[in-house]
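So you can see what is in the structure, the chains are spelled out below.
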Amino acid sequence: LEIRRMARGLDGILIFTDPDRAGRQARNSLDLEFSPCRHAFVPTPLAVNKKGDIGIEYSTSDVIREALSEAKIRTSDAKRAVFTRNDLQELGLVQGNGEHTGAGKVRELVCESLGLGS
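Residues numbered from 1 in each chain as written. Predicted model: local features only at pLDDT ≥ 70, side-chain atom pairs only at ≥ 80, totals over all residues. Heavy atoms only, no water.

Participant: Can you lay out the side chain of Asp 31 for me, pointing to particular residues and giving the numbers?
Facilitator: Assignment of secondary structure puts Asp 31 in helix α2 (residues 21-34). Once residues within four sequence positions are removed from consideration, Asp 31 is found in contact with Ile 15, Cys 37, His 39 and Arg 74. (Helix = DSSP H or I, 4+ residues; strand = E, 2+ residues; numbered from the N terminus. Contact = heavy atoms within 4.5 Å.)

Participant: Break down the sheet that holds strand β2 (residues 38-39) for me, citing the residues and quoting the values.
Facilitator: In space, the three strands of this open sheet follow the order β1-β2-β3, with mixed pairing throughout. In the strand order of this sheet, the two ends are held by β1 (14-15) and β3 (72-73), each with one partner. Relative to β3, β2 runs antiparallel, the two sharing two bridges. The residue bridging His 39 from the neighbouring strand is Lys 72, located in β3. (Pairing = 2+ DSSP bridges.)

Participant: Explain the side chain of Thr 17 residue by residue, including any values.
Facilitator: Of note, Thr 17 is situated in the loop between β1 and α2. Looking at Thr 17, the relative accessible area reads 14%, which means it is buried. A distance of 3.1 Å separates a polar side-chain atom of Thr 17 from the backbone oxygen of Gly 23. Engagement of the side chain of Thr 17 in a polar contact is seen with the side chain of Arg 27, the distance being 3.2 Å. With residues near it in sequence (within four places) discarded, Thr 17 still touches Gly 23, Arg 24, Ala 26, Arg 27 and Ile 56. (Buried < 20%, exposed > 50% of the residue type's maximum accessible area, 1.4 Å probe, protein only. Polar contact = N/O pair within 3.5 Å; in protein donor to acceptor, adjacent residues only side chain to side chain.)

In structure tokens:
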């Protein structure tokens, strides 16, 4: 609620959340409410402490600076190509019928290389 109150009247916000499920949920909720928003991401391996806790506070200042400097605005283009589940299976981004293909790791690598977050 505090974020929402402070952001009223601003021309978009920068969203920089932890690279975990709760972070994704917060990011998506804020993006819907305050679009257009800039999104900064730190890949999970760069946001983990020695105990295995995940949070951007465990990243180095250089990693945080880089993430902020590369912040992007999400865009939606109605003309973009739509992928079928078959397309995604062929690209190795989803698993097939009961097979364990490592699709999660492939998606993680694709997101990291495109700066999309996890």
